[in-house]
Amino acid sequence: MKKKIAVIGSGFSGLSAAAYASKEGHEVHLFEKNNDIGGRARNFKTDNGYIFDMGPSWYWMPDIIESFFEEFNRKASDFYTLVPLDPQFEMVFSDGVMQIPHHYGEMKDLFEKTEPGAGKMLDRFMEDAQYKYETGMKDFVNKPCHSWWEFVSPKIAKSALKLDLLTNFQSFVRKYFTHPKLIVLMEFPVIFLGAAPKDIPALYSLMNYGGYKLGTWYPMGGFSKIIDAMKEIAVEQGTIINCNSNVEKIIVKNNKVSGLIVNQKEINFDTIIASSDYHHTETKLLPEEFRNYNEKYWEKRTFAPSCLIYYIGCKEKIPNLKHHTLFFENDLDLHTEEIYTDKKWPTKPLFYACCPSKTDPSVAPENSENLFLLMPVATGIEDNEEIREIYFNQMISRLEKHTGTSDLISKIEYKKSYCIKDFKEDYNAYQGNAYGLANTLSQTAVLKPSLRNKKLKNLFYTGQLTVPGPGVPPSIISGKIAAHEATKN
Ligand SMILES: Cc1cc2nc3c(=O)[nH]c(=O)nc-3n(C[C@H](O)[C@H](O)[C@H](O)COP(=O)(O)OP(=O)(O)OC[C@H]3O[C@@H](n4cnc5c(N)ncnc54)[C@H](O)[C@@H]3O)c2cc1C
C-alpha cells in the first residue's frame, strides 16, 4: 500500500531514508528546520569567496558510499570527482612529523622504518581488519538490531571470535606495535567513534582498513557534493524537500502517529521517520507516554565529543601545510580523559587542521587558503566566545610553529567559530554533541537507542544516534535500514 511518509531532517540519514522510501513508491515529504539541506554536513559561502564544509572532511570507506549510488543505478562519479590524497595526512608530534602515504607499500616501509618488524605486523593487522570490515560493514551493519536473534546464524557464530568484540582497541593495537607513534597513528581513527581506545571494541580496527588501506579521498567541490548528489537522487525518486520547516510536534491519535505540526500547521502522515537528534525527537516532539527512553537513560549514555571549530579564510598561501594535519604534540590519553571522564575544557589539547584549498582551488579565492580547525571537546560544558578564543590562539601558534610562518592572524580575512551552543541551536543536538553516541560495547547494535518506537508502530528513528552509529557511511546505511523498516508492511 502506498503510504504518505514524513522524514524529519535532511542530513545523510534523512536524505538516504527519503530516497529509499521514495524508491519503494511511497509519497515522501522531507522537513528540514534550517534554510539549507545537509545537516551537520552543510556548507556555507562567504561574501569574499570562501566555501566552507561545516562538518565531515574525511572521505573514508568509498565502497560503502558508492553502494548507495549503485542502488539507484548511479555512480558517485556521475556527481563528483573523487581524488586520492597523498599523503593521506600528516601527524605533527613534539619531535617531528610523520606523513602517511596513500600507497600501502609505502605505508609498510614507513612502519618498518619506525619500528623494525612493524611492516609485517601491519600486513597481519590489516588482514584481520579487512575481515572485520567485510563482516562488519557489509553484513552486521545492515541489521535493524531489534533483537540479538538477528545475529544468530552459523556464519556469524563462526565469525564472532574473529570480530574481537570483547577485546579493547587499546590492548589490541599493542599486540602488533610498540612504537608510541605507531600506536597513536593506529588509535587515531577510533577517536571518530567517540570514546577512548580503551573503551572501544577491537572490532573497530575495521576503521583502519576503511581509512588507511582503502585510502583517504576528497570529493572535489567539497563534502556538500555528496549531499547535493543524494538530494538529486531523492528528488528523482519523488521526495518533496521542504527547508525552513521546523517540526514542532509529532501528533499521536489512537495510539498511532497521525501526523506532524510543521511551522504551526498540522499535516497528516501514515508513517514518520525522524532523523532529527533522537533525544530532541523524543523529549521535544513526542508526548512523554510514548517515548522509548526517559531523561535518566540519556544521562547515562556515553556521548561522542562535541568540538570547537574555526572556519578561517586566509588571504595568503600557507606553506608546509597538507590537506589534513593532526596536531598530536600532546598526550592523547590526557585529552580523551578530559573529554569523557573529567568533562572539562582540555589542558593540553590535540587538534586537527584541514586545508582543502591545497587540493581544491574552488573553495578559496586565488592565492588564498581555506582553513578548518577542529578541537574535540566534552559535550555539555560551558561554551562562550572568550573560552573559544583562548584555544584559537593556541591552535594558531602551533600552526605557525609547524608551518614556519609568523603573524598568521594578520592574514585572516574571514573567521567564524562554531561550538556546543551552535550544535544545540542549529541541530537540536543533545548537550551540543557533534558525533552522536560513542560506539562503546555497551552502546553497540541492539544496545543502541532503538530504530523503532516501541509503542507507536508507525514511528521510526534514524541517524547517528541509532544503529549503526556515527559517521557518513553509517548514517547513510541507517537511513536505508529505517526506510526498509518503515515501508515493509
Ligand atoms: C564537525 C564534524 C566533523 C565530522 N567529520 C566526519 C568525517 O570526517 N567523516 C565522517 O564519516 N563523519 C564525520 N562526521 C560525522 C557525520 O558528519 C555525521 O555522523 C552525519 O553527518 C550525521 O548525519 P545525521 O543525518 O544522523 O544527522 P544530521 O546531519 O544532524 O541531520 C539531522 C537534521 O535534522 C534537522 N532537525 C533537527 N531537529 C529538527 C526539527 N525539529 N525539525 C526539522 N528538522 C530538524 C537538523 O537541522 C539536521 O539537518 C563529522 C561530524 C561533525 C559534526
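To be clear, the structure that these remarks concern was listed above.
Remember, predicted model here, so these are calculated numbers, not experimental data. (Residues numbered from 1 in each chain as written. Predicted model: local features only at pLDDT ≥ 70, side-chain atom pairs only at ≥ 80, totals over all residues. Heavy atoms only, no water.)

**Student:** Which residues make up the sheet that holds strand 10 (residues 247-253), and what are the values?
**Tutor:** Spatially, 10-11-12 is the arrangement adopted by the 3 strands of the open sheet, whose pairing is antiparallel. Of all the strands in the sheet, the pair left with one neighbour each is strand 10 and strand 12 (265-268). Neighbouring strand axes in the sheet, compared pairwise and without regard to direction, differ in orientation by 30° on average. Looking at chain direction, strand 10 and strand 11 (residues 256-262) are connected through 6 bridges and run antiparallel. Bridge pairing in strand 11 places Ile250 opposite Leu260. (Pairing = 2+ DSSP bridges. Helix = DSSP H or I, 4+ residues; strand = E, 2+ residues; numbered from the N terminus. Axes fitted to C-alpha atoms, helices over the stretch in contact; angles between N-to-C directions.)

**Student:** Outline the nonpolar core, listing residues and values.
**Tutor:** Phe69, Met91, Phe177, Phe188 and Phe328 are the most contacted members of the largest nonpolar core, which has 110 residues in total. With 8 residues, the top contributor of residues to this core is helix 4 (residues 118-138). When sequence neighbours within four positions are dropped, the list of residues in contact with Phe69 reads Arg74, Lys75, Ala76, Phe79, Tyr80, Ile226, Ala229 and Ile233. Residues Leu308, Cys355, Met375 and Ile412 belong to the second largest nonpolar core, which totals 28 residues. (Core = buried A, V, L, I, M, F, W, Y, C linked by side-chain atoms within 4.5 Å. Buried < 20%, exposed > 50% of the residue type's maximum accessible area, 1.4 Å probe, protein only. Contact = heavy atoms within 4.5 Å.)

**Student:** Explain the site of the ligand residue by residue, including any values.
**Tutor:** In the vicinity of the ligand there are 39 residues, among which Ser13, Glu32, Arg40, Trp58 and Gln464 approach most closely. Side-chain polar atom of Ser13 to an oxygen atom of the ligand: 2.6 Å apart, as the coordinates give it. Between the ligand and Ser57 there is a distance of 3.0 Å, counted from an oxygen atom to a backbone nitrogen or oxygen. Surface burial for the ligand is 97%, taken as the share of its 1,000 Å² of free accessible area covered by protein chains. If you list the elements that add at least two residues to the shell around the ligand, you get helix 1 (12-23), strand 14 (306-314), helix 14 (420-427) and helix 15 (472-487). In terms of residue class, the shell around the ligand is made up of 16 nonpolar, 19 polar and 4 charged. (Near = heavy atom within 4 Å. Polar contact = N/O pair within 3.5 Å; in protein donor to acceptor, adjacent residues only side chain to side chain. Areas by Shrake-Rupley, 256 points an atom, 1.4 Å probe, with all protein chains shown as cover. Nonpolar A, V, L, I, M, F, W, Y, C, P; charged D, E, K, R; others polar.)

**Student:** An account of the environment of Phe423 is needed here, citing residue identities and associated values.
**Tutor:** Along the chain, Phe423 falls in helix 14. Expressed as a C-alpha distance, the spacing of Phe423 and Gly259, which sit 164 residues apart in the sequence, is 27 Å. Excluding residues within four positions of it along the chain, Phe423 makes contact with Arg40, Ser306, Cys307, Ile309, Tyr418, Asn428, Ala429, Gly432, Asn433 and Ala434.

**Student:** So what's going on with a negative patch on the surface? Residues and values would help.
**Tutor:** Negative charge collects at one region of the surface, where Asp86, Glu106, Asp109 and Glu112 lie side by side. Note on placement: Asp109 falls in helix 3 (residues 104-114). Judged by relative accessible area, Asp109 falls into the exposed class, the value being 52%. (Patch = residues over 30% accessible without salt bridge, like charges linked within 9 Å, V, L, I, M, F, W, Y side chains within 5 Å. Salt bridge = Lys/Arg side-chain N within 4 Å of Asp/Glu carboxyl O. Lys, Arg positive; Asp, Glu negative; His and termini not counted. Charge placed at Lys NZ, Arg CZ, Asp CG, Glu CD.)

**Student:** Give a detailed account of the sheet that holds strand 13 (residues 271-274), specifying residues and quantitative values.
**Tutor:** Across the sheet, 5 strands lie side by side as 9-2-1-13-19; this open sheet has parallel pairing. If you trace the sheet from one side to the other, it starts and ends with strand 9 (240-242) and strand 19 (459-461), each paired once. Going across the sheet, the axis of each strand differs from the next one's by a mean of 20°, ignoring polarity. Pairing analysis gives 4 bridges linking strand 1 (residues 4-8) to strand 13, with the strands arranged parallel. Each bridged residue has a counterpart across the sheet, and for Ile8 the counterpart in strand 13 is Ala274. The sheet contacts of helix 1 involve strand 1, strand 2 (27-31), strand 9 and strand 13, and relative to strand 2 the element is tilted by about 165°.

**Student:** Quick rundown of the pairing of strand 6 (residues 89-93)? Include the residues and the values.
**Tutor:** Counted residue by residue, strand 6 has 5 buried out of 5 residues, so it is predominantly covered. Here strand 6 shows a buried face lined by Phe89, Met91 and Phe93 and a second buried face lined by Glu90 and Val92. Examined bridge by bridge, strand 6 and strand 7 (residues 96-100) share 5 bridges and lie antiparallel to one another. Note on strand 7: the bridge partner recorded for Phe93 is Gly96. Between the antiparallel neighbours strand 6 and strand 7 lie 2 residues. Where strand 6 lies against strand 15 (residues 324-327), 3 bridges are found, and the strand directions are parallel. Note on strand 15: the bridge partner recorded for Val92 is Phe327.

**Student:** Hey, could you go over unusual backbone geometry for me, with residue numbers and the actual values?
**Tutor:** Note: most peptide bonds trans; most residues except glycine with negative phi. Here Asp86 and Pro87 are connected by a cis peptide whose omega angle stands at 5°. Topologically, Pro87 is positioned in the loop between strand 5 (82-84) and strand 6. A positive phi is found at Asn254, a non-glycine position, where the angle reads about 50°. By secondary structure assignment, the location of Asn254 is in the loop between strand 10 and strand 11.

**Student:** Provide a residue-level description of the pattern of salt bridges, including the pertinent values.
**Tutor:** Within the structure shown, the criterion is met by 24 salt bridges. Of the charged contacts, one joins Glu385 and Arg388 as a salt bridge, the two residues approaching to 3.6 Å between their closest N and O atoms. Of this pair, Glu385 and Arg388 both sit in helix 13 (residues 385-403), 3 residues apart, which is roughly one turn of that helix. With a relative accessible area of 42%, Glu385 lands in the partly exposed category. In this structure, Asp422 engages Arg388 in a salt bridge whose closest nitrogen and oxygen atoms are separated by 2.9 Å. Of this pair, Asp422 sits in helix 14 while Arg388 sits in helix 13, and the two are 34 residues apart along the sequence. You'll find Asp422 and Arg388 in the same group, each marked buried. Here the salt bridges do not stand alone but share partners, grouping Arg74, Lys75, Asp78 and Glu236 into one network.

Everything listed here is a matter of coordinates, which is why it stays silent on function.
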